[in-house]
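These are the residues of each chain, in order.
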Amino acid sequence: MSQSYNRGLIEDFGRWKEFSAGMWAWIFHKFTGWVLIGYLFTHIAVLSSALAGPEAYTDTLQGLEALFVVRVLEVGLLAVAVFHMMNGIRLLMVDLGIGLDAQDKTFYLSLIVTGAIAVASVPTFMTDVGF
Amino acid sequence: MSTQEQQPEPETEPETEPETQESPADPEMSGLASPQQRRLQRKAANLAERERQAAEDESNLEEDTVHLKVFRFDPEVEDKQEPRFDDFHVPFERGMTVLDALIYARDEYDSSLTFRHSCRQAICGSDAFFVNGSQHLGCKTQISELEQPVRVEPLPHQEVVKDLVVDMEHFYEQMHAVEPYMQQEDLPEGELEEMRQSRENREKIKMSTRCIWCAACMSSCNIAAGDNQYLGPAAINKAYRFAMDEREDEEIKEHRLRIIEQEHGVWRCQTQFSCTEVCPKDIPLTEHIQELKREAVKKNLKFW
Amino acid sequence: MAERYSSFTPGGTAWLLQRVTAVFLIFALAFHFFLLHFVEHAWEIDFAGTQARMQDVGYFITMILFLITATFHGVNGVYNALLNQGLSGTPRKVVLALLVLASLALIGQGIWVAIEMRGGLIL
Amino acid sequence: MYEHDVIVVGAGGAGLRAAIAAHEAGADVAMVTKLHPVRSHTGAAEGGINAALREGDDWELHAYDTMKGSDYLGDAPAIETLAKDAPEDTITLEHWGMPFSREDDGTVSQRPFGGLSFPRTTYAGAETGHHLLHVLYEQVVKRGIQVYDEWFVMNLAVSDEPDPNDRTCHGVVAYDVQSGKIDGFKARNGVIIATGGPGQAFDHTTNAVSCTGDGQAIAYRAGVPLEDMEFVQFHPTTLPSTGVLISEGVRGEGGILYNEKGERFMFEHGYANNDGELASRDVVSRAELTEVNEGRGVEDEYVHLDMRHLGAERILDRLENILHLAEDFEGVDGLVEPMPVKPGQHYEMGGIETDENGKTCIDGLYAAGECACVSVHGANRLGGNALPELVVFGKRAGYHAAGKDLGEAEIETGYTSDVEEETDVDLPVTPGEAGLDPNPEAVATDGSGQALDAEDALERAVETERARTERLIEKDDGVKHADIRAKLQEAMTQNVNVFREEQGLKKALKAIRECRELYQDVYVQDPSRTFNTDLQMTYETRNLIDVAETITLGALVRNEFRGAHWRLENQERDDENWLKHTLISWNAGKPSIWYRPVILEGEDKTYEPKVRSY
Ligand SMILES: Cc1cc2nc3c(=O)[nH]c(=O)nc-3n(C[C@H](O)[C@H](O)[C@H](O)COP(=O)(O)OP(=O)(O)OC[C@H]3O[C@@H](n4cnc5c(N)ncnc54)[C@H](O)[C@@H]3O)c2cc1C
Ligand code: HEM
Ligand code: SF4
Ligand code: F3S
Ligand code: FES
C-alpha cells in the first residue's frame, strides 16, 4: 500500500541489546569471516615480497614482526580465526541437526574457548618484541 | 481486582530514538534448552516475584497500573502522520495480558487505537506485536512478565498500515508460494478409506502443523528483512509439513524440495535462530529448515 | 506465486561446498597457525626456513589447496552475505565477476609466490 | 462493484467448505470475510469431529445420540443428513491432508465424548479445529478461489416484497477495512452466510472478539426468521479473566472442583451424586453458579479446578496444553495451584432458519455453520457435533447455491399462515422498535413497494450504508459503542445466563431497549478511513443488540426446562406444549414470535422423546 509507513531498519542495530545468542553468533561469524578473507589478501601480498628475492622476504617479515602493533594484531587475528573456527564447527553441527537445543550454549562456549586461547597465546606471541 | 482511580489520558510524546530506550530483561539469554523449559523457569520466577510484590505493597497505586507506550501512526489523521508513541496508564489486574491492556486502553481512553485481535487464546495469530523489543502474541504475554513501561510496536520489517496493524500481504504471498496443499492424487480405493499414516510420521510433522500464521518469525528474521524475496521460516516450515508427510509420493516431495531450494529458499537461512526463539507455538523452525537443506543436498547428490 | 520460484537453481551446491571447504579449513588452518606461531615462531621466519618447508611436496600441495579452499570459502562467503542483503540484478553480476577475478588473481599470485619460494617448478 | 456467481460471507469452517463445494460445482466463487480465513474462530475448536466411521458404529446410532442430546428439539431430516454425510466428509478432510491422530495401523483415531454411544469423535490432537480450518484454507488456495479478506459485510441487498418468502437476495454490501471503501458484491446465484456465533453478546465467552452474530443480524433484518435462539450452551470450565476454555479432559482425567471453603461441592452439596465433576455440561455449570450465588465462590466469582493431585508427570503427559493455557491466560501454574474456572458462553444452538440444503426462505440466500439453525443441535449441542455440521451443511449450501441438484428439502422454511403464532407473554418493552437508525431494514427499497432489479437493489443498499457510515464518522460527540456493548453484555450475563427467570429476562429486555436508545446517539471517535476498527465495532454492536434481543425473547417465552435452557418457573421438560421451535421474525422492526413443530419422523423411524439421562 502506497500510504503505509515503512519504518526501515530502525529496529535493527538500535536494538542490539535485545539480540539473542543466535543473532550474535551470526554477526560475529560474519565479522570474523570478513576479517579472515581480508587478511588472506593482505597475507598473500606480504608473502609476495618473496618475488623480490630472499632478503626482501626475510626483511619484510622480520621487520613486521618487530613491530608491537603487528604482534597485537596477530593475537587479534588468532582470536578471530579461533572464533570463526569454533563457531564454524558449531554451525556445521547445526547443519547436521545436532544439538540444536543447545545452540545458545555452544555459542557461549565458542566465545569462552576463543577468549581462553587468545589469552593463553599472549606470552608466545609477545616474546622478543621490541617496543 | 483494582478499582482505584485511574490516571487516563494518553500523553503524547515524540518518537524516541530506539537507541535510548531501556533494555528489558532478556529472557533469551538465560541459556536454557527449549523455549518450553525456559517458559517453565520464567514462570517459577514470576510466581515468586508476584508473591513478593503482593506481600510488599498492597496499597501502592503505582504498582497497580500498567504503563503502556504504544506506537501510533495513521496516514490520514494529521497529528498521527508523523509516527509517535502514546502513553496509557491502565489499571492492572491479575492475569492481565498485553492484549487485555490494549483493549482497556482502547475502550476507555482512545477508541481510535487500532490493532488486530480476535481469539484471545493464541490460535488466530492476529496479534503478534513487537513488545519491549521482541515479537510476542499480545494475548499470550502476561503483563506481569514484562518490565515497565511496556513498549508495544507493530511488527518490524512490515509496512505499518495504522498503529499496530501491519500489511500482511507479503507474508501471505510467501506462504502461498510453497504450494501449501496436499497434492496426492492417488487415493485409496473405496469411499471411506483413509490414507494411512504411521504414528511416527504424524509425530514428525506435528509441530510443523501448529503454525498460526502470526508472522512473528518472519518479522524477527534478519535475512527476511534484507532479502524481501526470501521465503521465510513460516513458509519453509509449511513446506516441511508437506515434504515430510509420508502420505505424499516421492515425486511430489521432490517437487517440493525444488521449490524450497530455489535461490530465495532455504539457502538464505543463516541459522540465526531468532525465528525459533519467538515462535509462540514453539515450532523448532531452524531445525526444520536445516533438515530441508540436508534433504535438498541429498536429492541433488542422487543426480550426480 | 509458485511459478515465480520454480526455476531450478542448484543453490545447494555452493552451500554444500562452503561446508566441505570449512571442514578442510578446520584442519588446514589449525595446522598452519600451530606450525608458524607455536612450533616455529613468526618472528624467526626467514626465506630459508620457508623454502625448506616448501621443498616438501606434501606441504607444498597442502598450502596450495589451503589457498584455493580458503579463497573459495571466503569469497563465496562474502558473495553470499551480499546476496542476503538483497544484492540482485546487474550489480549482482558485476560483483560476482569482480569477486571471481579477485579470487583468480589471488590464487594465481599465491601459487606464483609459492613456486618462487620453492625455488622453481622442480618437483 | 464486484460480481461473482456465489458470494460466501465468512471464511470459517463452514464458509470455506461452502466455497470449495460451489467451486467444485463449477461456480465462480468469492469469499468476503472480515478476518483473514485462518483467523476464523473455527481454529479454536479442540475436541474433535463426530463421524461414524468404524465397524460397530453407524450413522443411525450417531443420529440417535444427536437427537437424544438435542433433548428432542432437533429436526430428524437435518440430524440424519448430518449423521449420514459426516463420515464421507471427514474422510475427505483426511484426503486433503488433515493431520488426524492415528492408530497403530495408520488409520485415524477416534475417542469417546460426552453423550456418544460409540467413540466416534475423530480428532487431531487437542487442536482439531485449527487443523480443519487450515486444511480447508489450503484447498481454497489450491483452487485459486478469490478471497476478499478484511472486508466487513455490513448488509445484504435484498429485494423489497412485503412477504419475506417472495424476496430475493442479490448480493452484499461490504466495507474494506484497510481502505475504508464501501462497495457492492453482486451474487448471480446466491449468497451464503457463514459468519459464526454471537458469543460476544455475553461478556464471558469462549468465543472470539469477532463472534458478533453479524450474519444472524443481517439475515434477520432482511426478513429471515431466527430459530431457537434461546438455546445457548455454557461451558462449565472457562478461565475467569478471558473465557479461555479449559477442556473437559481435565475433569475426565480426574480433576476436582472445589468451592471457597474447599468443599468438593459436586458431591457435598448433592448436585450430581453419581457422576460428580463428570456430569453433563449444563449440570456442572449450574452447580458452579449456585455455589457462587450462595456465597461460596472464590472472590465471589469462580470456583477452583484442581488437578495437582494427578501428579506432574501425568499432567505433563496428557494435559500439557492446559498448563500453557492456564499459565498464559490466567498467570496460574496448574502444577502448584488450583485453576480458577467459571461457566462461560460457548455455543449458540439457534440461528438463521435453513433447510437441509442450507437455503433460507429468501431466494438466493443461504446460511451454514454456527450462524445457521437447520436444526441439528436442538436444545443442546453434543461436543464434537459442530465441526461435522460445518463441513456437511457448508458443502450442501455450496452445492445448492452453485445450482447442483440435491433433491427437495424436507424441512420447511419461512413463515406460513398455518404455523402457530402466539405471544401471550407480556413484554416489558416493545422489542425491535426504537430504531437503531432511520432505515432499519436490510431490504432495499425505492419506496414504491416494487421489486428492484439486482443492480438497483445493490446500488441502493450500498448508498444506504455509505450514508450511514458518513453519519457515524461525521458525528462529533455522543455515546461510544464500547459503552453500549459493555452494558449489553452485562445485562445478558446477569440475566440470560445459565439460570433464567422471568424477572431477570424482563430486566434484560429493558436493558436491551436502553441500549437501542443509546445507540441512536452512537458516534465513531476515529475520523480515519484507514483500518477504522472503531467503525467496524460500532456496526457489530448494533448486530449484537438485535441478536441479544432474540435470545432474550426466546428465553422469556419458552417456559420450560429443556437442554441448555433452564427456567426457574418451570423446571420440567414440557413435551406437551413445547415440542416446537421458537422462531422470531423481524417484520420491519416489529418482531413477532411464532412456532413450528419439531420434525421427529426420520427416514425410516420416528424418534420418541425419552428422558435425557446419562
Ligand atoms: C473454544 C471452542 C472449542 C470448540 N470445540 C469444538 C469441538 O471440539 N468440536 C466441535 O464440533 N465444535 C467445537 N466448537 C464449536 C465450533 O468450533 C464452532 O461452532 C464453529 O467453528 C463455527 O464455525 P463457523 O464456520 O460457523 O464460524 P467461524 O469459524 O466463527 O467463522 C466465522 C467467519 O465469518 C466471518 N465473518 C463474521 N462476520 C462477518 C461479517 N460481518 N462480514 C464478513 N465476514 C464475517 C469471520 O471473518 C469468519 O471468517 C468449539 C468452539 C469454541 C469456541
Ligand atoms: C577454520 C575453519 C573454518 C571454518 C570451520 C569455517 C566455517 C564457516 C562456515 C560454516 C561458514 C558459513 C556460514 C553460513 O553460511 O552460515 C563460513 C563463512 C565464512 N567464512 Fe569461514 N570457516 C573457516 C575458515 C575460514 C577462513 C580461513 C576464511 C578466510 C579466508 C573464512 C572466511 C569466511 C567468510 C568470509 C565467510 C562468510 C561470512 C558471512 O556470512 O558474511 N573462513 N565459515
Ligand atoms: S512459525 Fe511460529 S512464529 Fe512463524 S508464523 Fe507460524 S506460529 Fe507464527
Ligand atoms: S531467523 Fe532467519 S536466518 Fe534462519 S534460523 Fe530463522 S530463518
Ligand atoms: S488474539 Fe488470536 S492469537 Fe492473540
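Scroll up a little and you will see the structure.
Quick notes on the rules
The numbers attached to residues start from 1 for each chain and follow its sequence in the written order. A letter from A marks each chain and a number from 1 marks each ligand, given out in the order of writing. At least 70 in pLDDT is required for a residue's local features to be given in this predicted model, at least 80 for side-chain atom pairs to be given and counted, and no such filter applies to totals for whole chains, interfaces and linings, which use all residues. Values shown for side chains rest on all heavy atoms present in the structure; no hydrogens or waters enter the calculation. We call a residue near a molecule or strand when any one of its heavy atoms sits within 4 Å of it. Here a polar contact means two N or O atoms within 3.5 Å. Within protein one must be a hydrogen donor candidate and the other an acceptor candidate, and residues neighboring in sequence count only if both atoms are side-chain atoms. Put simply, DSSP H or I for four residues or longer makes a helix, DSSP E for two residues or longer makes a strand, and each gets a number counted from the N terminus. Only Asp, Glu, Lys and Arg are considered charged, only Ala, Val, Leu, Ile, Met, Phe, Trp, Tyr, Cys and Pro nonpolar, and every remaining residue, Gly among them, polar. All accessible areas in this document rest on Shrake-Rupley with a 1.4 Å probe, and a residue is counted as covered only by the protein chains that are shown. Donor atoms (N, O, S) are those found within 2.8 Å of the metal centre, with the cutoff raised to 3.2 Å for Na, K and Ca; water is not part of the atom list, so apparent gaps in a site can occur. Labels for metal geometry use angle windows, namely 85 to 135 degrees for all angles of a four-donor tetrahedral site, and for square planar (four donors) or octahedral (six donors) sites opposite donors over 155 degrees apart plus all others within 65 to 115; sites meeting none of these are irregular. For every residue, the accessible area (1.4 Å probe, protein chains only) is compared with the maximum for its type, and the residue is labelled buried under 20%, exposed over 50%, or partly exposed between those bounds. Take the number of residues in a helix, subtract one, and multiply by 1.5 Å to get its expected span. Whether two residues touch is decided by their heavy atoms; if any such pair falls within 4.5 Å, the residues are in contact. For Phe, Tyr and Trp, where Trp contributes only its six-membered ring, two rings pair if their centres lie within 6.5 Å, and the inter-plane angle classes them as stacked under 30 degrees, edge-to-face over 60, or tilted in between. Here the axes come from fitting lines to C-alpha atoms, over the contacting stretch only for helices, and the angles between their N-to-C directions go from 0 to 180 degrees. To sort the angles, those under 35 degrees are grouped as roughly parallel, those over 145 as roughly antiparallel, those from 65 to 115 as roughly perpendicular, and the leftovers as oblique. Whether a crossing is left-handed or right-handed is set by the direction in which the near helix is turned from the far one by less than a right angle, anticlockwise for left-handed and clockwise for right-handed. Throughout this description, the term salt bridge denotes a Lys or Arg side-chain nitrogen within 4 Å of a carboxyl oxygen of Asp or Glu.

Trainee: Can you help me understand the site of ligand 2 in this one?
Mentor: Around ligand 2 sit 23 residues in total, of which H29(A), K30(A), W34(A), H84(A) and H73(C) are the nearest. Nearby residues around ligand 2 are contributed by chains A, B and C. Contact distances for ligand 2 include 3.1 Å between a nitrogen atom and a side-chain N or O atom of H29(A). Between an oxygen atom of ligand 2 and a side-chain N or O atom of W34(A), the distance comes to 3.1 Å. Of all the secondary structure elements, the ones that give two or more residues to the shell around ligand 2 are α1 (21-47) and α3 (68-95) of chain A together with α1 (11-39) and α3 (57-84) of chain C. Its residues placed into classes, the shell around ligand 2 shows 12 nonpolar, nine polar and two charged.

Trainee: Teacher, can you tell me more about the site of ligand 1 here?
Mentor: Residue and element names in this part refer to chain D. Every one of the 38 residues lining ligand 1 counts as a neighbour, but S40, T42, G47, E370 and L387 are closest to it. One of the backbone N or O atoms of K34 is found 3.0 Å from a nitrogen atom in ligand 1. Summarising the interface, the protein chains cover 97% of the accessible area of ligand 1, which totals 1,000 Å² for the free molecule. Looking at the shell around ligand 1, the elements that each hand over two or more residues are α1 (13-24), β2 (29-33), β7 (151-158), β14 (339-348) and α11 (386-401). Here the residues of the shell around ligand 1 are counted per class, giving 16 nonpolar, 17 polar and five charged.

Trainee: Please clarify how the coordination of the iron atom of ligand 2 should be interpreted in this entry.
Mentor: Ideal geometry at a metal centre gives angles of 109.5 degrees when four donors are arranged tetrahedrally and 90 or 180 degrees when six donors are arranged octahedrally. Summarising the metal site, the iron atom of ligand 2 is bound by the protein donors H84(A) (NE2) and H73(C) (NE2), whose distances to it range over 2.0 Å. Considering all six donor atoms around the iron atom of ligand 2, angles at the metal cover 81 to 179 degrees and the coordination shape is octahedral. Residue H84(A) is located in helix α3, and its partner H73(C) is located in helix α3; the two belong to separate chains. Neither H84(A) nor H73(C) differs from the other in exposure class; each is buried.

Trainee: Is there a simple way to think about α1(D) in this case?
Mentor: Each turn of an α-helix holds 3.6 residues, which means side chains three or four residues apart point in the same direction. Residues and elements named next belong to chain D. Relative to the 16 Å expected for 12 residues at 1.5 Å per residue, α1 spans 17 Å between its end C-alpha atoms, a close match to the ideal helical length. Along α1, 10 of the 12 residues are buried, which leaves the element largely enclosed by surrounding structure. All of the buried residues along α1 are G13, A14, G15, L16, R17, A18, A19, I20, A21 and A22. Its buried side turned inward, α1 meets β1 (2-9), β2, α3 (76-95), α4 (128-143), β9 (182-193) and α11. Directly after α1, the chain includes G26, whose backbone phi takes a positive value near 95 degrees.

Trainee: Teacher, can you tell me more about the packing of aromatic side chains here?
Mentor: Aromatic ring pairs are defined here through the distance separating the ring centres and the angle between the ring planes. One pass over the structure, following the stated rule, counts 29 aromatic pairs over all chains. Residues W24(A) and F28(A) carry aromatic rings whose centres are separated by 5.8 Å and whose planes lie at 45 degrees to one another, so their mutual orientation is tilted. Here F28(A) and W24(A) lie together in helix α1, a separation of four residues that amounts to about one turn. The class for F28(A) is partly exposed, based on a relative accessible area of 31%. Judged by centre distance (4.8 Å) and plane angle (75 degrees), the rings of F499(D) and W566(D) are edge-to-face. Placement of the pair is F499(D) in strand β19 (residues 499-500) and W566(D) in strand β20 (residues 566-567), with a sequence separation of 67 residues. By way of ring pairs, the aromatic residues W24(A), F28(A), F83(A), F107(A) and Y108(A) are connected into one cluster.

Trainee: Please explain the packing of α1(A) against α3(A) as it appears in this structure.
Mentor: Helices that pack against each other are described as a pair by the angle of their axes relative to one another and the distance between those axes. All names here are of chain A. At a minimum axis distance of 9 Å, the contact between α1 and α3 shows a crossing angle of 130 degrees. Put simply, α1 runs oblique to α3. Crossing angle aside, the handedness with which α1 passes α3 is left-handed. On α3, the residues that touch G22, A25, F28, H29, T32, G33, V35, L36 and Y39 of α1 are L77, V80, A81, F83, H84, N87, G88, R90 and L91. For the contact of α1 with α3, the per-class residue count stands at 10 nonpolar, seven polar and one charged.

Trainee: Where do I start with the pattern of salt bridges in this structure?
Mentor: Side-chain pairs of opposite charge can arise where the charged atoms are in close proximity. All names here are of chain D. Under the counting rule described, the total for this entry stands at 73 salt bridges over all chains. Close ionic contact of E24 with R143 constitutes a salt bridge, the shortest N to O distance being 3.2 Å. Of this pair, E24 sits in helix α1 while R143 sits in helix α4, and the two are 119 residues apart along the sequence. A residue is classified by how much of its surface remains accessible, and E24, at 40% relative accessible area, is partly exposed.

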